[in-house]
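Descriptive structure summary
Residues per chain, in single letters:
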Amino acid sequence: MTTLPTWVLIVFGITFVLMVGIIWSLKRRSHPRLKIESDLGINQLISSICGVTQSTMLDGNDVQLVQNGEFFDRLFADLKEARHSINLEAFLAREGEVTRRTADVLSAKAREGVRVRVMLDASGGRKFGKQSLKQMREAGVKVKEYHPLHVANLGKLNNRDHRKIVVMDGKLAYVGGHCFVDTWLGNAEDKKHFRDISARVAGPVVAQLQSAFSENWLEESGEVIGGDEYFPDIEPAGDTKAHVVYVSAAGSPSAVELLHYMALHAARKSITIQNPYFLPDKSARNVMIDAVRRGVNVRIMIPHQTASDAPIVQHASHHHYGTLLKGGVRLFDYRRTLLHQKVMTIDGCWSSVGSTNFDNRSFEVNDEVSMVVYDERIATQLEEIFEKDLAEATEVTLDEWRRRPAMHKVRDFFSFLLGEQL
C-alpha cells in the first residue's frame, strides 16, 4: 500500500481548512459595534427606523394577533377564500396533520385555478411529507426549496430561509413564528403543544410581505412575480400603521438587527420581549442595560431549558445572564412549554412580530422577516399576553444565577462558544 508523503498531507490539510474558511466567510456580514447618537424616543425615531431598515411606514392596516393553534383555523379558512394567488413561505415543516391539511387546501385551490406557490427551506422543510408534496405538485402547486444541497450552494448552505409568510391575493397575509408542525396545534396546554404568536394582516402593508416572499422565490425559481393578482391597489382595511423589515443587504448588518437595536435605544418607559432563542451580543446587552439606567423597565421572557426544543441555546443564553441581571434587566424562564413567539413592545405603542430570533443566526445568517406595528392597541395586547404568561414563568435572580451548579456553568460556557450557529 502506497502512503502519501507528509508534505502532501500537510498541503491537503491546509487547503481544506482554507476552503472551509472561504465557504464560511462567503455570507459573513461586517459586525461593527453598533452605536447611535440620537436621544429621540420611539415616537420621534419612527421615520429613522424605516429609513435605516429600507422600509416605509404605511397607514390603513388591520392587524390581528393570532395565538397557538388558532392560527391554523384562521389560516385555512382564509386560504379557502383565496381567488387569485397564494404564496406560502415556511422554514420548519414536518409530516402530520398540519402538513396534510395544508396540502389538501392548497391542492384544492390550485385545481380551482388559483396560482399557488410554496417555498420551503430545504433543511427545515425536508420532512414535509413526500405524499403531500406529490399531491400538491400534481394539482398544479409550484413548490421550491430554498438552498437545497448541491455543489453550487456550498457557500450558501448555512444561510437558511427562516421566514414564515402566507399571502393571499396580495391583500391578506400572515406573518409570525408558527411552523407547519403538529406541536403548534392546541393551546400551549403542555410540552407537546407550543406557545406562539403570529399576525393576520390586511391593508397596504401586505404588499411589503409579498415583496419579501418574492425575493426568495425569485432567487430559487427565476420567476418574477407581477400583476394585480399579487400586487393590487389595496384599499385601507383599518387604522393601524405598520411596516415590514426583511432586507438582507450583503456585507452590512441586517435590517432586522438594526431594527431591534434602534428600537431598544429609543425606549423611554418599557421594553418587553418574548423570544425562544435569546443570545444578544455585546451591543444589544449594553443597549438594554443603558435603557435600565435611564429608567426603562426591561423584561425578557424565554423558555426554560426544560421546556425548550434546543436546551443548548438556553445554556448559551445563561452565560450572559449575570451581565444583564447586574444591569437591572429582568429575566423570566417560561416553564410550561416551548415559548416560540418572537415579539417585542416598546413604550406601549410600538411592537414587532415576526420570525426573527434574538441571536446572531437571525441577525447575521438567516433570511428573516419582522413586521413593525405602530399601534397602542396591539402593544397593549402583547403586554397583556406577557403578563398572563408570567403565571407560567419564574423570575431569575442574580443570586440564583451565581449559585447554579458547576456543571451547569460549564455547559453554559461551551454552549455560548457555539452561540453564533445555534
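The coordinates are above.
First things first, this report covers the structure right here in the doc. Everything numeric in this text was worked out from a predicted model, so none of it was measured.

Comments concerning the overall build of the chain
- When helices and strands are tallied, the chain shows 14 helices and 15 strands.
- In terms of overall dimensions, the chain is globule-like: its C-alpha atoms have a radius of gyration of 22 Å, near the 22 Å expected for 422 residues.
- For the chain, contacts bridging at least 24 residues in sequence account for 83% of all contacts bridging at least 6.
- In the structure as shown, the chain presents an accessible area of about 18300 Å², 55% of it carried by carbon and sulfur atoms.
- With 52 positive and 53 negative side-chain charges, the chain shows a separation of 5 Å between the mean positions of the two kinds.

A few points about the pairing of strand β13 (residues 350-354)
- Counted residue by residue, β13 has five buried out of five residues, so it is predominantly covered.
- On β13, burial covers both faces: Trp350, Ser352 and Gly354 on one face and Ser351 and Val353 on the other are all buried.
- As defined by bridge partners, strand β12 (residues 343-346) adjoins β13 across four bridges and the pair is classed as antiparallel. Paired with threonine 345 across the bridge in β13 is serine 351.
- Where β12 folds back onto β13 in an antiparallel hairpin, the turn is made up of three residues, including aspartate 347, whose phi is positive at roughly 55°.
- Pairing analysis gives five bridges linking β13 to strand β14 (residues 370-374), with the strands arranged antiparallel. Its bridge partner lying in β14, tryptophan 350 is registered against tyrosine 374.

Some words on helix α6 (residues 206-221)
- For α6, built from 16 residues, the straight-helix expectation of 22 Å at 1.5 Å per residue is met to within 8% by its first-to-last C-alpha distance of 22 Å.
- For α6, the full list of buried residues reads Val206, Gln208, Leu209, Gln210, Ala212, Phe213, Ser214, Asn216 and Trp217.
- Looking one or two places after α6, you find glycine 222, whose phi comes out positive at around 80°.

As for the pattern of salt bridges
- Scanning the model with the defined rule gives 17 salt bridges in all.
- For the salt bridge of glutamate 97 with arginine 101, the shortest nitrogen-to-oxygen distance reads 3.6 Å. A residue pair is termed a helical-turn pair when its members lie 3 or 4 positions apart in one helix, as glutamate 97 and arginine 101 do in helix α4 (residues 97-111) at four residues.
- Since its relative accessible area comes to 36%, glutamate 97 is described here as partly exposed.
- Note on arginine 101: relative accessible area 29%, which makes it partly exposed.

Considerations on empty space enclosed by the protein
- All told, the structure shown has three cavities of 30 Å³ or more when counted by the stated rule.
- Approximately 70 Å³ is the volume found for the largest cavity.
- Lining the largest cavity, in full, are Leu34, Glu257, His260, Tyr261, Leu264, Asp281, Ser283, Ala284, Phe358 and Phe363.
- Only α7 (255-266) and α8 (282-293) provide two or more residues apiece to the lining of the largest cavity.
- Here the lining of the largest cavity takes four residues from α7, the largest share from any one element.
- Partitioned by chemical class, the residues of the lining of the largest cavity number six nonpolar, two polar and two charged.
- Of the pockets and cavities examined, the second largest cavity occupies roughly 50 Å³.
- Phe71, Glu89, Lys164, Ile165, Val166, Tyr174, Val175, Gly176, Gly177, His178, Phe180 and Ser198 are the residues that line the second largest cavity.
- Elements with a contribution of two residues or more to the lining of the second largest cavity: β5 (165-168) and β6 (172-176).
- Considering every element that reaches the lining of the second largest cavity, the biggest residue donor is β6, with three residues.

Remarks on the packing of α7 against α8
- Packing of α7 against α8 leaves a shortest axis separation of 9 Å and a crossing angle of 15°. Here α7 lies roughly parallel to α8, going by the angle between them. Crossing geometry of α7 relative to α8 is assigned as left-handed. Contacts between α7 and α8 involve Tyr261, Leu264 and His265 from the first element and Ser283, Val287, Met288 and Ala291 from the second.
- Here the residues of the contact of α7 with α8 sort into five nonpolar, two polar and no charged.

Notes on the layout of surface pockets
- Here the largest pocket defines a volume of roughly 570 Å³.
- Looking at the largest pocket, it is lined by 27 residues, and the ones nearest its centre are Phe91, Leu92, His162, Tyr277 and Asp309.
- Breaking the lining of the largest pocket down by element, the ones donating at least two residues are α9 (311-318) and α11 (360-365).
- Residue composition of the lining of the largest pocket, grouped by class: ten nonpolar, eight polar and nine charged.

Calculation criteria
Every chain begins its residue count from 1, and numbering advances along the sequence as written. The model is predicted, so local features are restricted to residues of pLDDT at least 70 and side-chain atom pairs to those at 80 or more, both for listing and for counting; the totals for chains, interfaces and linings are taken over all residues. The side-chain values count all of the structure's non-hydrogen atoms but skip hydrogen atoms and water molecules. Where helices and strands are cited, they refer to DSSP runs of H or I of at least four residues and of E of at least two residues respectively, numbered from the N terminus. For a compact globule the rule gives 2.2 Å times the number of residues to the power 0.38, and the radius of gyration it is set against comes from C-alpha atoms. Contact criterion: two residues are considered in contact whenever any of their non-hydrogen atoms come within 4.5 Å of each other. Throughout, the Shrake-Rupley method with a 1.4 Å probe supplies accessible areas, and for residues the shown protein chains are the sole cover considered. The convention is simple: Lys and Arg are positive, Asp and Glu are negative, and His and the chain ends are not counted. Just so you know, the charge point we use is NZ for Lys, CZ for Arg, CG for Asp and CD for Glu. Three exposure classes are used, based on accessible area relative to the maximum for each residue type with a 1.4 Å probe and protein chains only: buried under 20%, partly exposed in between, and exposed over 50%. Strand pairing follows a simple DSSP-based rule, namely that at least 2 bridges must link the two strands. Here, expected helix span is obtained from the residue count minus one, scaled by 1.5 Å. Criterion for a salt bridge: a side-chain nitrogen of Lys or Arg within 4 Å of a carboxyl oxygen of Asp or Glu. Using only the protein atoms, space was sampled on a 1 Å grid; points where a 1.4 Å probe fits but cannot get out form cavities, open sets with protein on both sides within 12 Å along at least five of seven lines form pockets, and lining residues are those with an atom within 4 Å of a point. Grid points are joined across faces, edges and corners, and a volume is the space filled by probe spheres set on the points. Gly counts as polar in this scheme, as do all residues outside two lists: the nonpolar Ala, Val, Leu, Ile, Met, Phe, Trp, Tyr, Cys and Pro, and the charged Asp, Glu, Lys and Arg. The angle between two axes is taken between their N-to-C directions and runs from 0 to 180 degrees, where each axis is a line fitted to C-alpha atoms and a helix contributes only its stretch in contact. Roughly parallel means an angle under 35 degrees; roughly antiparallel, over 145; roughly perpendicular, 65 to 115; everything else is oblique. For any helix crossing, the convention is left-handed if the near helix is rotated counterclockwise from the far helix by under a right angle, and right-handed if that rotation is clockwise.

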